[in-house]
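Secondary and tertiary structure notes
Below, each chain spelled out in residue letters.
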Amino acid sequence: MNSQKEYQSRKYSFGANSVFITLVVISILGLVNFLGKQYPKKFDLTRNRIHTLSDQTLKLMKGLSEPVEATFFGDLGSRERNRPIFDNYKKASGQFKLEWVDPNKEPTRTKAAGIRKMDTLVLTHKGKTAKLEEISEEKITNELIKLAKDTKPTVCAVTGHGEIPFSDASGGGFSTAKKGLEDQSYVVKEIVLPQETKIPADCSAVVMLGSVKALFPAEVKMLSDYLDEGGRLLVGLETSPGTDDQTAELTELLARYGVTAKKGLIIDPVSKMLGVDASVPIFATFNKETALGKDFSSQCFFPFSRPIDPAAPAPEGFKIDWVARSTPKSFAETDLAGLAKGMAQFNEGADLKGPLNGVLAVNGKKKDSKAPHETRLVVFSSSQFANNQFSRFGGNLDLFLNSVSWALEDESMISIRAKEEDPGKIELTQNQGVAIFWLCVVLIPLAIAVLGIVIWVRRKKL
């Protein structure tokens, strides 16, 4: 009888304990659910963080002074498919107002809005309207930039001195950079200096990338007058081993504003570790005290770079900042004739030791200048870093576009832009491929086989 009572008591005790544990688990789950609702947190594990708004988009959304009316025309399926990106925009700014419209339920409104296909987004801002039939962060942000701008600055690309036109879509052309500028609501046009008497008045900034021929005295004066009057100029230098430098007039012009372009080609042994030629130095150190470098972290690749240094002291009225520098292991090979024959090694006393400057930014005014605003000049040690072949690597394109925005004093556009999803292709060097072969095909199977034999032998002895 006592054992039966003891059994009943134990059963009730276990039952009460189970109920208590169940209630505790439910309470914990409820608390976690409540906290998750009140303090939502997402983790983006994609390589390019494609589900997280870029720095450029966040800057744009936080800077909105007027509301953006967004109307999405799509059925329930497309609505749920695109909800995450719209939720990101709404979370970034309370100025982003979104309305869902189902074309199947509201055909009259859909027709009145001129909607011709499902999944169309209509954006209205500052009295202007844009339609997007393809939904992505890049598309939405680019349209918002265009709607937010009251005017479209004009970027004039100089041609006629061996520069490859911005419209050129080949590997050496700059059509990718041109598209990036146009996405920021800049107008890009090409000018030929010998055909002008002065820099056109509609040029908000002038870009010279890859000049390999001499400037006429009239062209030098034209550019000098432009800078003295508060002009904005971006110059990408060109270096070719084994050939004479024909750009002395351009480097002399830059020297007037405190930029010294030195002889030599920057060589970086670190590049070889990444499977890149040593003539493509890596610039991974950025000046955090400058607008261009403070938030920049992506390494850049500058093929065929020549060293550039700020003058000391700087010209009166001007401030010169370095923006990007190469790795400490880099050096500038000054024997270009030997370099053309494939010989490159650091010679103490003759070559320049790294880190070396790859980007310099100059701003200020000359004494007694009556210019409406300060002069801004950006000099790159390479012109090819921004071409179609290399602009897709690292932060090259972002650095170029940010430099144009800084020169135009459009610093709200200085940011890291959205990255597109890619297939995640893995590229291995020959040594890495051999190492993986030996590890996966030889060593691991061999170790498993040896372990199996050892276990079989030991069991047989038992």
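Owing to the predicted nature of the structure, the values given are computational and were not obtained by experimental measurement. (Residues numbered from 1 in each chain as written. Predicted model: local features only at pLDDT ≥ 70, side-chain atom pairs only at ≥ 80, totals over all residues. Heavy atoms only, no water.)

Side note on the overall build of the chain
To keep things clear, this is the line we draw: Working definition: helices are DSSP H or I runs of at least four residues, strands are E runs of at least two. Numbering for both runs from the N terminus. Relative accessibility under 20% of the residue-type maximum defines a buried residue, over 50% an exposed one, and the middle range a partly exposed one, all with a 1.4 Å probe and only protein chains included. Contacts between residues were defined by any pair of non-hydrogen atoms, one from each residue, lying within 4.5 Å. Note that accessible areas follow from Shrake-Rupley with a 1.4 Å probe, and for residues the cover is restricted to the protein chains shown.
When helices and strands are counted, the chain shows 12 helices and 18 strands. Looking at the 462 residues of the chain, the share that counts as buried comes to 42%. The contacts in the chain between residues at least 6 apart in sequence include a share of 72% that link residues at least 24 apart. Here the chain has roughly 25,700 Å² of accessible surface; of this, 56% comes from carbon and sulfur atoms.

A short note on empty space enclosed by the protein
Note the following rule: Using only the protein atoms, space was sampled on a 1 Å grid; points where a 1.4 Å probe fits but cannot get out form cavities, open sets with protein on both sides within 12 Å along at least five of seven lines form pockets, and lining residues are those with an atom within 4 Å of a point. Grid points are joined across faces, edges and corners, and a volume is the space filled by probe spheres set on the points. Throughout, the ten residues Ala, Val, Leu, Ile, Met, Phe, Trp, Tyr, Cys and Pro are labelled nonpolar, Asp, Glu, Lys and Arg are labelled charged, and all others, Gly among them, are labelled polar.
By the definition in use, this model includes two cavities of 30 Å³ or more. Counting residues per element, the ones that place at least two in the lining of the second largest cavity are strand S5 (154-159) and strand S7 (205-209). The biggest single contributor to the lining of the second largest cavity is S5, with three residues. Grouping the amino acids of the lining of the second largest cavity by side-chain chemistry returns six nonpolar, one polar and one charged.

A word on the sheet that holds strand S8 (residues 232-236)
What counts, and what does not: Any two strands with at least two DSSP bridges between them are considered paired. Axis geometry follows a simple rule: fit a line to the C-alpha atoms, using only the stretch in contact for helices, then measure angles between N-to-C directions, giving values from 0 to 180 degrees.
A sheet is described by the order of its strands in space; here nine strands give the open sequence S6-S5-S7-S8-S18-S17-S14-S11-S12, paired in mixed fashion. Across the chains shown, the open sheet's two edge strands, defined by having one partner strand only, are strand S6 (187-192) and strand S12 (300-301). For strand S17 (residues 357-364) and strand S18 (residues 375-380), the ladder comprises six bridges, and the chain directions are antiparallel. Paired with Asn-363 across the strands is Arg-376, a residue of S18. The strands touched by helix H7 (residues 217-228) are S7, S8 and S18; relative to S7, the strand with the most contacts, the crossing angle is about 140°.

As for the pairing of S7
This is how the line gets drawn: If you view a crossover with the strands going away from you and the path from the first strand over the helix to the second runs clockwise, you call it right-handed.
Counting buried positions along S7 yields five of five residues, so the element is predominantly enclosed. Of the two faces of S7, both are covered, the one formed by Ala-205, Val-207 and Leu-209 as well as the one formed by Val-206 and Met-208. Here four bridges tie S7 to S8, and the two strands are oriented parallel to one another. Note on S8: the bridge partner recorded for Val-207 is Leu-234. You can see the chain leave S7, run along H7 and come back into S8, and the turn it takes is right-handed.

Section: the environment of Ser-185
Its place among the elements puts Ser-185 in the loop between helix H6 (175-183) and S6. For Ser-185, a relative accessible area of 2% corresponds to the buried category. Put simply, Ser-185 and Glu-143 are 42 residues apart on the chain and 8.7 Å apart in space, counted from C-alpha to C-alpha. Ignoring anything within four residues of it in the chain, the contact list for Ser-185 reads Ile-145, Lys-146, Lys-149, Lys-152 and Pro-153.

With respect to the sheet that holds strand S3 (residues 120-125)
Here four strands make up an open sheet; going across it, the order is S2-S1-S3-S4 and the pairing mixed. Of all strands in the sheet, those bounded by a partner on one side alone are strand S2 (96-101) and strand S4 (128-132). Each strand of the sheet is rotated relative to its neighbour by a mean of 15°, with strand direction disregarded. Where strand S1 (residues 68-73) and S2 come together, six bridges link them in parallel fashion. Bridge pairing links Ala-70 to Leu-98 in S2. Across the sheet, helix H3 (residues 76-92) is in contact with S1, S2 and S3; its angle to S2 comes to roughly 170°.

Re the packing of helix H5 (residues 137-148) against H6
As a reminder of what qualifies: In this scheme, roughly parallel covers angles under 35 degrees and roughly antiparallel covers those over 145, while 65 to 115 is roughly perpendicular and the rest are oblique.
Between H5 and H6, the shortest axis-to-axis distance is 9 Å and the interhelical angle comes to 60°. The pairing of H5 with H6 is recorded here as oblique in orientation. Note on element contacts: H6 touches H5 through Lys-179, Glu-182 and Asp-183, opposite Glu-138, Asn-142, Ile-145 and Lys-146. Looking at the contact of H5 with H6, its residues break down into one nonpolar, one polar and five charged.

Comments concerning H7
Rules: Between the first and last residue of a helix there are one fewer steps than residues, each counted as 1.5 Å, and that sum is the expected span.
Between its first and last C-alpha, H7 extends 16 Å over 12 residues, near the 16 Å set by a 1.5 Å rise per residue. By the burial criterion, the buried members of H7 are Glu-219, Val-220, Met-222, Leu-223, Ser-224, Tyr-226 and Leu-227. At the C-terminal side of H7, Gly-230 shows a positive phi close to 90°.

Examining the packing of H7 against helix H8 (residues 248-256)
How we decide: Each helix crossing is assigned a hand: it is left-handed if the near helix lies turned anticlockwise from the far helix by less than a right angle, otherwise right-handed if that turn is clockwise.
Two elements in contact, H7 and H8, have axes whose closest approach is 11 Å; the angle formed by their N-to-C orientations is 25°. The angle between the axes of H7 and H8 places the two elements in the roughly parallel class. Along this stretch, H7 crosses H8, giving a crossing that reads as right-handed. Across the interface between the two elements, Val-220, Leu-223 and Ser-224 of H7 pack against Glu-249, Leu-253 and Arg-256 of H8.

Read these as layout, nothing more, since geometry by itself doesn't imply function.
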